[in-house]
Amino acid sequence: MENNYFHTVFLDADKCKGCVTCMKRCPTEAIRVRNGKASVFYDRCIGCGECVRLCPSHAKLASYDSFDTINDFKYKIALPAPSLYGQFNNLTDVNYVLNGLLALGFDEVFEVGRGAEYASAVTKIIFDQNKVKYPVISTACPAVLELILSRYHNLKDNLLNILAPVDISAKLARDKAIKRGIPPEDIGVYFISPCPAKVYALKLGVGVNKPYVDRVLSTGEVYMKLVPAMNKLEPSDLKPLSKMGNLGLHWATSGGEATATFRSKYLAADGIENVKHILDGLEDNTLTEVDFIELDACAGGCVGGVLNVENPFVAKARIRQLRMKLPATSSNILADEGKPLSYYVWEDEPQFKNFDKLDENRLSAMQKLMEVENLLNTLPQYDCGMCGAPSCRAFAEDVVSGIVSDKCPRLDTEVKNETK
Amino acid sequence: MENLHFEYEVAGNNFSQAGMASDAVKSTLKKMGIASEDIRRVAIAMYEGEINMVIHGGGGVAVIDIFFDHIEIKLIDHGKGIENIELAMTPGYSTAEDEIRALGFGAGMGLPNMKKYADVLEIESEVGVGTTVYIRVDFH
Ligand SMILES: Nc1ncnc2c1ncn2[C@@H]1O[C@H](COP(=O)(O)OP(=O)(O)O)[C@@H](O)[C@H]1O
Ligand code: SF4
Ligand SMILES: [Mg+2]
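Attention here is on the structure that accompanies the text.

Conventions and cut-offs
- Residues numbered from 1 in each chain as written.
- Chains lettered and ligands numbered in written order.
- Predicted model: local features only at pLDDT ≥ 70, side-chain atom pairs only at ≥ 80, totals over all residues.
- Heavy atoms only, no water.
- Near = heavy atom within 4 Å.
- Polar contact = N/O pair within 3.5 Å; in protein donor to acceptor, adjacent residues only side chain to side chain.
- Helix = DSSP H or I, 4+ residues; strand = E, 2+ residues; numbered from the N terminus.
- Nonpolar A, V, L, I, M, F, W, Y, C, P; charged D, E, K, R; others polar.
- Pairing = 2+ DSSP bridges.
- Contact = heavy atoms within 4.5 Å.
- Axes fitted to C-alpha atoms, helices over the stretch in contact; angles between N-to-C directions.
- Buried area = accessible area lost by both parts, 1.4 Å probe.
- Salt bridge = Lys/Arg side-chain N within 4 Å of Asp/Glu carboxyl O.
- Core = buried A, V, L, I, M, F, W, Y, C linked by side-chain atoms within 4.5 Å.
- Buried < 20%, exposed > 50% of the residue type's maximum accessible area, 1.4 Å probe, protein only.

**Some details on the site of ligand 1**
All names here are of chain B. In the vicinity of ligand 1 there are 18 residues, among which Asn-52, His-56, Ser-94, Thr-95 and Gly-108 approach most closely. Side-chain polar atom of Ser-94 to an oxygen atom of ligand 1: 2.5 Å apart, as the coordinates give it. The contact in question runs from an oxygen atom of ligand 1 to an N or O atom on the backbone of Gly-110, over 3.2 Å. If one sorts the elements of the shell around ligand 1 by residue count, helix α5 (residues 110-117) sits on top with 3 residues. In terms of residue class, the shell around ligand 1 is made up of 7 nonpolar, 10 polar and 1 charged.

**Some remarks on the site of ligand 2**
Near ligand 2 the following residues occur: Cys141(A), Pro142(A), Pro194(A), Cys195(A), Ala197(A), Lys198(A), Asp296(A), Ala297(A), Cys298(A), Cys302(A) and Gly305(A). Residue composition of the shell around ligand 2, by class: 8 nonpolar, 1 polar and 2 charged.

**Section: the sheet that holds strand β8 (residues 187-193) of chain A**
Residues and elements named next belong to chain A. In spatial order, the strands read β6-β5-β8-β9; together these 4 strands make up an open sheet with parallel pairing. Because the sheet does not close on itself, it has two edges, and the strands there are β6 (108-109) and β9 (215-218). In this structure, strand β5 (residues 75-80) lies alongside β6, joined through 2 bridges in parallel fashion. The residue bridging Ala-78 from the neighbouring strand is Val-109, located in β6. Against the sheet, helix α7 (residues 196-204) touches β8 and β9, its axis set at about 155° to β8.

**Some points on the interface of chain B and chain A**
Contacts between chain B and chain A engage 28 residues on the former and 24 residues on the latter. Carbon and sulfur atoms supply 58% of the area buried between chain B and chain A, which totals about 2300 Å² over both sides. Linking chain B to chain A there are 5 salt bridges. Note that Lys31(B) is salt-bridged to Glu397(A), the shortest N-O span being 2.6 Å. In this assembly, chain B and chain A are joined by 9 residue pairs in polar contact (both at pLDDT 80 or more). Listing elements by their share of the side of chain B that touches chain A, those giving two or more residues are β1 (4-11), α1 (20-32) and α2 (36-55) of chain B.

**So, the nonpolar core**
Counting residues in hydrophobic clusters, the biggest one holds 75 residues, and the most contacted among them are Ile77(A), Leu79(A), Phe191(A), Val213(A), Leu279(A) and Leu295(A). A total of 8 residues in this core trace back to one element, the largest contributor, which is helix α4 (residues 112-129) of chain A. Leaving out residues up to four positions away in the same chain, Ile77(A) has contacts with Phe106(A), Glu108(A), Phe110(A), Ala173(A), Arg174(A), Ala177(A), Ile187(A), Gly188(A), Val189(A) and Tyr190(A). Judged by nonpolar contacts, the second largest core, of 54 residues, contains Cys387(A), Met46(B), Ala62(B) and Val133(B).

On their own, these measurements won't tell you what the molecule is for.
What follows is the structure, given as C-alpha cells:
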C-alpha cells in the first residue's frame with residue numbers, strides 16, 4: 001500500500017491496537033487493517049483527518065513540517081489561518097497573535113483572512129460576469145476538492161476556479177517581498193494550518209503551477225510556542241499589523257465564505273458525511289434552488305480541523321466575538337493590490353483522478369464487478385471488519401483486484417463451528 | 001457476456017432513504033469507468049423515477065441491468081397508477097399534495113427530465129394496479 005502518493009497521515013504503530021474505528025469511518029474507504037495495524041491507500045486519501053480525529057489510541061498522526069524548519073529561510077513570512085485566532089482564551093485583539101508570530105522569529109505576517117477577502121471579492125466578480133455553471137461549488141477546502149476530483153467528475157464545471165485564500169496570500173506576500181528587493185531564494189512562506197488536507201494541497205500545489213507555500217506548520221505546534229510569546233507582549237509593544245476585516249475572519253467557520261459572497265441563495269454544509277450527501281444530491285440534480293455551495297470537510301468549518309487545539313464550538317464562539325471588533329471589509333479591496341482578475345484564478349486545472357474504476361478496460365471492469373457480486377453473495381454481509389476491510393463489498397473488491405487473497409475469517413470460523 | 005444485475009427495494013413514503021438505489025447504481029457505473037456525462041444522465045433519470053416511486057407509487061423495486069454499452073432500469077410499483085400518462089408528462093404537471101411540496105418535491109418536472117436524459121423512456125401504468133417505468137441510457 002505504500003506508494004508514491006503524498007502521505008497525509010501516518011501511523012504510530014506501537015499505539016495502534018488494530019481496532020477498526022478509522023477503517024470503518026474513513027469516507028473514501030482508504031484504510032485497511034493488515035496484520036493488526038491500520039494502513040492507508042494514499043491514492044484514495046483526501047486528507048480530511050477523520051482518522052486522526054477518531055482514533056481512540058491517538059495512533060494516527062497528521063503530517064506537517066516541524067516548527068524547526070523556521071530556520072530553513074532567511075526571510076520568513078507567516079500566514080496564519082483564520083481559525084488560528086479561535087484557539088486563544090481571552091484574546092481581545094488579533095494583533096497579539098500577529099505580534100507574537102514576529103516574536104517567534106517571523107519577519108512578516110500576512111493574514112490568510114485577508115487573502116480570503118480577496119477570494120470573496122473575486123468570487124463576486126465571477127458571479128457578476130455570469131460565466132459560471134450553477135450552483136457554483138467552493139474549492140477552498142482541499143479535502144472536499146480532492147473528493148470531487150476523485151469521485152464526482154460530473155461536477156467539474158461547477159467548481160469555483162479561483163485560488164484558495166492561502167495561495168492568494170502566499171502569492172501576494174511573496175511578490176511584495178520580492179518587489180521590496182528581498183532575494184526570492186531567501187523567502188520562505190510558512191502557512192499555519194488547521195488540517196492535513198491543506199498540508200498536501202500546498203505541497204503538491206493544487207490549482208497553481210508551482211507551490212507558493214514553502215512550509216506548512218501545525219496550528220497545535222505553533223500554538224504551544226505562541227502562547228508564551230504572546231503573554232510577554234505589553235499593550236504598548238503591539239503593532240497594528242492586522243489588515244483583515246470581519247468577513248475574512250468569518251471564513252474560519254462554516255458559512256463564512258458563503259456569507260461573504262452576498263448571495264441569498266447559498267448552502268453551507270460541514271462535516272464530511274454531510275458533504276458527501278450534498279455532492280450525491282448535486283449529481284442527481286436535486287439542488288437546483290441554490291446558486292452557491294460552500295462545503296467544509298470538518299464539522300464547524302476550519303475551526304474543526306484536526307491540527308487545532310481548541311474545541312470547534314468554543315473556537316467558533318471566540319471567532320464570533322473577535323469579528324465584532326474587526327472593521328467591515330471594504331467592498332473594493334482588490335483595488336489595493338492592482339492585480340488583474342487572472343492573478344487570482346487557477347493557473348492550472350486540477351487533475352481528475354479515478355480510483356473507483358476497477359479496470360481501465362470497461363469489459364474487464366464489468367467482469368470484475370460480476371466476480372465481486374458473486375463473491376459478495378457468498379459473504380455474510382455483516383460488514384464486521386474482521387477481514388481488515390471496511391465492508392464485505394470492499395473486501396470482495398480487494399480480493400477480485402488481487403490486493404488480498406484471504407478468506408472471510410467470519411465465514412471460516414462459522415464453518416469450523418458447524419463442523420465441530 | 002452476461003450483464004450485471006441488481007435489485008433494490010425502494011420504500012414508499014420514506015424520504016430519508018430516497019435516492020439510495022440511484023446512489024448504488026452511480027457507484028457501480030463509476031467502478032465500470034463509464035463517462036461522467038452518461039453517469040449524470042443515469043443519475044438524474046433514475047433519481048426522479050425513484051422519487052416518484054416513493055412519493056406517488058407507495059414504494060416498489062428497482063431492477064437494474066447493466067450491459068457493456070447501456071443500462072436498463074425498471075422501476076416497478078404497485079401504487080395508485082397514472083390515469084393519463086400524456087398529461088403526467090407535461091412539464092409542471094403534478095398531483096403532489098401540499099405537504100409533499102412543502103418538502104421540496106412535486107415541481108412536476110420529474111417525468112419531463114427523465115424523458116430528456118433517457119435514451120428510451122416507456123411507462124406502463126394501470127390505475128389501482130401500479131406503474132412500471134422503463135429507462136434506458138446508452139453509454140458513449
Ligand atoms: N410511480 C408513479 N405512480 C403514480 N403516479 C405517478 C408516478 N410517477 C408519476 N406519477 C404522476 O405523474 C405526475 C407527474 O410526475 P413528475 O413529472 O415526476 O412530477 P412530480 O413528481 O413533481 O409530481 C405526478 O404528480 C403523479 O401524479
Ligand atoms: S474544513 Fe478547513 S480545516 Fe477542515 S479539511 Fe477543509 S480546509 Fe482543512
Ligand atoms: Mg417526480
